[in-house]
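# Chains, contacts and geometry: an overview
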Amino acid sequence: MSEKNIYTYVMPREFRGYNIPISIQSQYIKNYAETNGYKFMLPVTELINNQSYNNFIEFSKKNILNLAMTSIFVLPVNDIINCKKITKKFSDKCIFHFVLENLKFNKKDLLNWIFEFNKIDKLIYDYKSFNEIKILQTK
Amino acid sequence: MKKIFSINKKKLFFFKNLIIKEVKKKNPSFNGELHKIHNFISGKNINLIRLNCFKKINSLDWIKIIKELCSEQMFYLLGQDLLIQSKINLSIQMPKDRSSILKAHSDCWSADTPFQLNLWLPLTDAFSTNSMFIMDDIYSLKYLKKNSNSKYKNHKIKKPLKKNFISMKYGQALIFNPSVLHGNVLNQTKNTRVSLNVRFKSIFAPEPNIKNPDRKFGTYYKKFNILESTRFGLDIIENGIIK
């Protein structure tokens, strides 16, 4: 496998509130590949079925070195066990590229990031919960 | 809320030097004076320079420098459990460049949390129309409230006065809440203004819900600093000790 080939993976269903047309995801990753000197390989689209990562796991059988996707949230970031499962068979040498967040990780660092993210994310509330707190204070 | 303070020029030079190098790549005769960029780069090429610099800075460990420059001030204002915007932004405001005008706006219009603060770092002196203007809190809030009920047409924002333009020397930093109306006008001075800006938010401050994923932790923000005691608290929760 050439170090300069970057394989690409796109998501046809919603991820973290985004629902981005495949062609736009593809163009976005292609632009990333070109500006970073990688040879863009045509995207593999995941199945539409909820929770499916079948085509993502397929990449692990190909011994690839670079895999790019639009966002880290294409992966089931809120479910660390699932993340471990779907990345389990990837080589330690494989680098995952997440264009939106400007992140690049090997498998170990990816799982560490997801673990840390979930820890901190638990502490952050949105405006809705903020309003609930305000209501509690005025009662 | 606005706060101007002095920072370490030597550390700030990291960013300045990087931009100088990028400009020199395009025009080797550039003398290194950022406020004179317009004499070496045409208006047509400036955005490409800006994009190249933006990409270069964001590929490096810029957070380390920012930590050294402003942690103390930011910790004082927001606490020590902080998130920082994932990418640091760069503005270049050349004289008479209409393409760089950013009309008065509030960052909360594009779903940014109103609980964040913006660190603004000029890499040249900033003054008069080459600088940014910031309207006062009372007017901003009044306008934002009025405009939030308007469906088809924005209410007119009053013209910024001389006193609204920030006057700063290279080596100073500004922290302000970007939910307050701010922007810039046509640079009518003879100097280019170059500046960086990046946003901070307390981990414990609210952020938009899933309807605005672009402005959430993980995408828009990343970790800046977490207290040991917070980490310990997280471990308590993580291990299911508190049910």
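Note that this is a predicted model, so its numbers are computed, not measured. (Residues numbered from 1 in each chain as written. Chains lettered and ligands numbered in written order. Predicted model: local features only at pLDDT ≥ 70, side-chain atom pairs only at ≥ 80, totals over all residues. Heavy atoms only, no water.)

### Digging into the overall build of chain B
If you tally the helices and strands in chain B, you get 5 helices and 9 strands. Order of helices (α) and strands (β) in chain B, N terminus to C terminus: β-α-α-α-β-β-β-β-α-β-β-β-β-α. With respect to the principal axes defined by its C-alpha atoms, chain B has extents near 65 × 45 × 30 Å. Here chain B holds 243 residues, and the buried ones make up 52% of them. If you average the places of the 43 positive and of the 17 negative side-chain charges in chain B, the two averages end up 10 Å apart. (Helix = DSSP H or I, 4+ residues; strand = E, 2+ residues; numbered from the N terminus. Buried < 20%, exposed > 50% of the residue type's maximum accessible area, 1.4 Å probe, protein only. Lys, Arg positive; Asp, Glu negative; His and termini not counted. Charge placed at Lys NZ, Arg CZ, Asp CG, Glu CD.)

### Quick notes on the side chain of Ser 86 of chain B
Residue and element names in this part refer to chain B. Relative to the helices and strands, Ser 86 is located in the loop between strand E2 (82–85) and strand E3 (89–93). Judged by relative accessible area, Ser 86 falls into the buried class, the value being 10%. Sequence-distant contacts of Ser 86, that is, excluding residues within four places in its chain, are made with Asn 58, Trp 62, Thr 219, Tyr 220, Tyr 221 and Lys 222. (Contact = heavy atoms within 4.5 Å.)

### Section: helix H4 (residues 107–121) of chain A
End to end, H4 of chain A covers 21 Å across 15 residues, agreeing with the expected 21 Å (1.5 Å per residue, within 8%). Its buried side turned inward, H4 of chain A meets helix H3 (80–87), strand E5 (95–98) and strand E6 (103–105) of chain A together with E2, strand E9 (221–225) and helix H5 (228–238) of chain B. (Expected span 1.5 Å × (residues − 1).)

### Considering the interface of chain A and chain B
Contacts between chain A and chain B engage 24 residues on the former and 32 residues on the latter. Both sides of the chain A and chain B interface together cover about 2,400 Å² of buried area, and 62% of this is carbon and sulfur. Together, Arg 16, Leu 123 and Tyr 127 of chain A form the three largest contributors to the area buried by chain A at its contact with chain B, with a combined 26%. Taken together, chain A and chain B are joined by 4 salt bridges. (Buried area = accessible area lost by both parts, 1.4 Å probe. Salt bridge = Lys/Arg side-chain N within 4 Å of Asp/Glu carboxyl O.)

### A short note on unusual backbone geometry
One non-glycine residue, Arg 16 of chain A, adopts positive backbone phi at about 45 degrees. By the secondary structure assignment, Arg 16 of chain A is in the loop between strand E1 (5–10) and helix H1 (22–35). A positive phi angle, close to 65 degrees, is found at Lys 96 of chain B, a residue other than glycine. As for its position among the elements, Lys 96 of chain B is in the loop between E3 and strand E4 (117–122).

### Let's talk about the nonpolar core
If you look at the biggest cluster of nonpolar residues, it comprises 42 residues, and the most contacted ones within it are Phe 15, Ile 66, Leu 119 and Phe 200 of chain B. Not counting residues within four places of it along the chain, the set of residues in contact with Ile 66 of chain B comprises Phe 15, Ser 71, Ile 84, Ile 88, Leu 119, Leu 121, Phe 200 and Phe 224 of chain B. The next biggest cluster of nonpolar side chains, apart from the first, holds 40 residues, and it includes Met 11, Tyr 53 and Ile 114 of chain A together with Ile 226 of chain B. (Core = buried A, V, L, I, M, F, W, Y, C linked by side-chain atoms within 4.5 Å.)

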